[in-house]
Amino acid sequence: MDAKPQAQAKEVADEPEKAGIAAFLNPAEMHKLGRLLLLSRNKVEGNLAGAHRSPLRGPSSEFADHKSYGIGDETRHIDWRVFARTDRYFIKRYQDETNLRVYLVLDRSASMSYTSGDWPTKFQFASRLAAAVGYVIVKARDSIGLFLHGENVDVRMDVGNSFQHLNNLLKHVQLHPPGGGSDLAKTLHEIAGSIRRGALVVVISDLLGDEEEIVKALAHLRKQRHDVILFQTLDPAELDLSLAKPCELQDMETGEKLPVNPRVLAQEYQEVFGKFLEHYKKACAGMNIDYRIIPTSQSLESFVRIYLSERRRLSR
């Protein structure tokens, strides 16, 4: 799979703009993130020795079971003790430890450009979260790929496990600011149909779309035996409609406008939005998908550290 960048980098007259990893993470954050590890709940397949349990059988230190010797099997794996007891040839099989393949699915639709004014936009926060996850992955010698999408997939990069690959991946994120509509469900179906082996798919989005279709697409990923993490990034004002004065709300994807009085609508809004969030929570729990709501006001480094520590405990 090839990346398909469409935009050109912005030039700054006085000083070159930071690009790639440096645009999203500072050295102190990278130092802290370098100590963390993201584990998959599933057995994974890969090519490098790593920290993740694999369903494949091969030479390693941990014995798994036997299988009958067949054409193409290496004689060096024959268990001669079993042969002495049974007069039949059996091959020793082992449980590999292997590398994890992670695909970031990053939403760049227009709604992700929203901020209530006090925090980063949802896309800025989501991009930094993607960078943090990517850094943890590559630091552990695992592999990271990208699906950057709005209504369609704009950038599609296959997995790589070098910092140069991560740097290039994040440069593509920089070159594609949020805009246009969103079709997360279509993107997830495309991913489910194009990734042949079980991987870890990390979805970062505000999930402001057709929730029934998105849930069906998530189920498609799980049916293909992909492990899935769902990070829903939301502005604090979206969670409780905490706007002080009457205002005009505008749909950032359709342009539709609606005058509202937040104080009058706050309670009803919180009930409706709460049901919206609960729908995702229940659906993800039923599919064993790790689902987290992340306000853009939250400390990125703190969230990643706490979340990965919790996931590591649950993955044992």
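Reading guide: rules and limits
Within each chain, residues carry numbers counting from 1 in the order of the written sequence. Under the rules for a predicted model, residues below a pLDDT of 70 receive no local features and side-chain atom pairs below 80 are neither given nor counted, while totals for whole chains, interfaces and linings still include all residues. Neither water nor hydrogens contribute to the side-chain values; these are computed over all heavy atoms in the structure. A run of H or I in DSSP becomes a helix once it reaches four residues, and a run of E becomes a strand once it reaches two; helices and strands are each numbered from the N terminus. A helix is expected to reach a length of 1.5 Å times the quantity of its residues less one. When accessible area is computed with a 1.4 Å probe and restricted to protein chains, residues below 20% of their type maximum are described as buried, those above 50% as exposed, and intermediate ones as partly exposed. Arc definition: it is the arc formed by the directions from the helix axis to the C-beta atoms. In what follows, a contact means two residues having at least one pair of non-hydrogen atoms within 4.5 Å. Polar contacts, as used here, are pairs of N or O atoms within 3.5 Å; protein pairs need one atom able to donate a hydrogen and one able to accept it. Residues neighboring in sequence count only if both atoms are side-chain atoms. Stacked, tilted and edge-to-face pairs are distinguished by plane angle, under 30 degrees for stacked and over 60 for edge-to-face with tilted covering the rest, among Phe, Tyr and Trp rings (Trp via its six-membered ring) whose centres lie within 6.5 Å. By definition, a salt bridge exists where a carboxyl oxygen of Asp or Glu is found within 4 Å of a side-chain nitrogen of Lys or Arg. For our purposes a nonpolar core is just a set of buried Ala, Val, Leu, Ile, Met, Phe, Trp, Tyr and Cys residues, chained together by side-chain atoms within 4.5 Å. One bridge is not enough; two strands pair if DSSP finds at least two bridges between them. Axis lines are fitted to C-alpha atoms, over the contacting stretch for helices. Their N-to-C directions set the angle, which ranges from 0 to 180 degrees.

Student: Explain helix 6 (residues 211-223) residue by residue, including any values.
Tutor: For helix 6, spanning 13 residues, the distance from its first C-alpha to its last is 18 Å, which sits close to the expected 18 Å at 1.5 Å a residue. Buried within helix 6 we find Ile214, Val215, Ala217, Leu218 and Leu221. The arc enclosing the buried residues of helix 6, seen along the axis, measures out at 160°, which places them on a common side. Against helix 5 (184-194), strand 7 (200-205), strand 8 (227-234) and helix 8 (262-286) lie the buried residues of helix 6. Where helix 6 starts, the residue carrying a side-chain oxygen 3.2 Å from the main-chain nitrogen of Glu212 turns out to be Asp210. The first or second residue beyond helix 6 is Arg225, which carries a positive phi of 65°.

Student: Residues and numbers for the packing of aromatic side chains, please.
Tutor: This structure, assessed with the given rule, holds twelve aromatic pairs. Seen in terms of ring centroids, Trp80 and Phe83 are 5.8 Å apart; in terms of plane orientation they differ by 85°. Their pairing is edge-to-face. Of the two residues, Trp80 and Phe83 both sit in helix 2 (residues 80-86), three residues apart, roughly one turn of that helix. Their ring planes at 80° and their centres at 5.3 Å tell us that Phe231 and Tyr307 sit as a pair that is edge-to-face. Pair noted here: Phe231 is in strand 8 and Tyr307 is in helix 9 (residues 300-314), with a separation of 76 residues, a long-range link.

Student: Give a description of the pattern of salt bridges that names residues and reports values.
Tutor: Taken as a whole and assessed by the stated rule, the structure comprises eleven salt bridges. A salt bridge links Glu29 to Arg128; the nearest nitrogen and oxygen atoms lie 3.1 Å apart. In this pair, Glu29 sits in helix 1 (residues 27-33) while Arg128 sits in helix 3 (residues 122-139), placing the two residues 99 residues apart along the sequence. The class of Glu29 is buried, set by a relative accessible area of 16%. A salt bridge links Arg311 to Asp290, with the nearest nitrogen and oxygen atoms 3.0 Å apart. Of the two residues, Arg311 sits in helix 9 while Asp290 sits in strand 11 (residues 290-295), which places them 21 residues apart along the sequence. Ionic contacts of the salt-bridge type, sharing partners, join the residues Asp227, Asp290, Arg292, Glu310 and Arg311 into one network.

Student: Describe the nonpolar core, with residues and values.
Tutor: Considering soluble globular proteins, one finds that nonpolar side chains tend to be buried as a cluster. Counting residues in each nonpolar core, the largest one holds 44 residues, and the members touching the most others are Leu25, Leu129, Leu146, Phe231 and Val304. Broken down by element, this core gets its largest block of residues, twelve residues, from helix 3. Excluding anything up to four places from it in sequence, Leu25 contacts Met30, Leu33, Arg128, Ala131, Ala132, Tyr135 and Leu300. Ranked by size, the runner-up nonpolar core spans 31 residues in total, among them Val105, Ala192, Val215 and Tyr291.

Student: Give a detailed account of the sheet that holds strand 8, specifying residues and quantitative values.
Tutor: Ordered by their spatial adjacency, six strands build an open sheet running 6-5-4-7-8-11, and the pairing between neighbours is mixed. Bordering the open sheet on either side are strand 6 (153-160) and strand 11, each of which pairs with just one other strand. Averaged over all pairs of adjacent strands, the angle between their axes in this sheet comes to 15°, without regard to strand direction. As defined by bridge partners, strand 7 adjoins strand 8 across six bridges and the pair is classed as parallel. Bridged to Leu200 within strand 8 is Asp227. With respect to the sheet, helix 4 (residues 163-174) is in contact with strand 4 (101-107), strand 5 (143-149) and strand 6, its orientation differing from that of strand 5 by roughly 10°.

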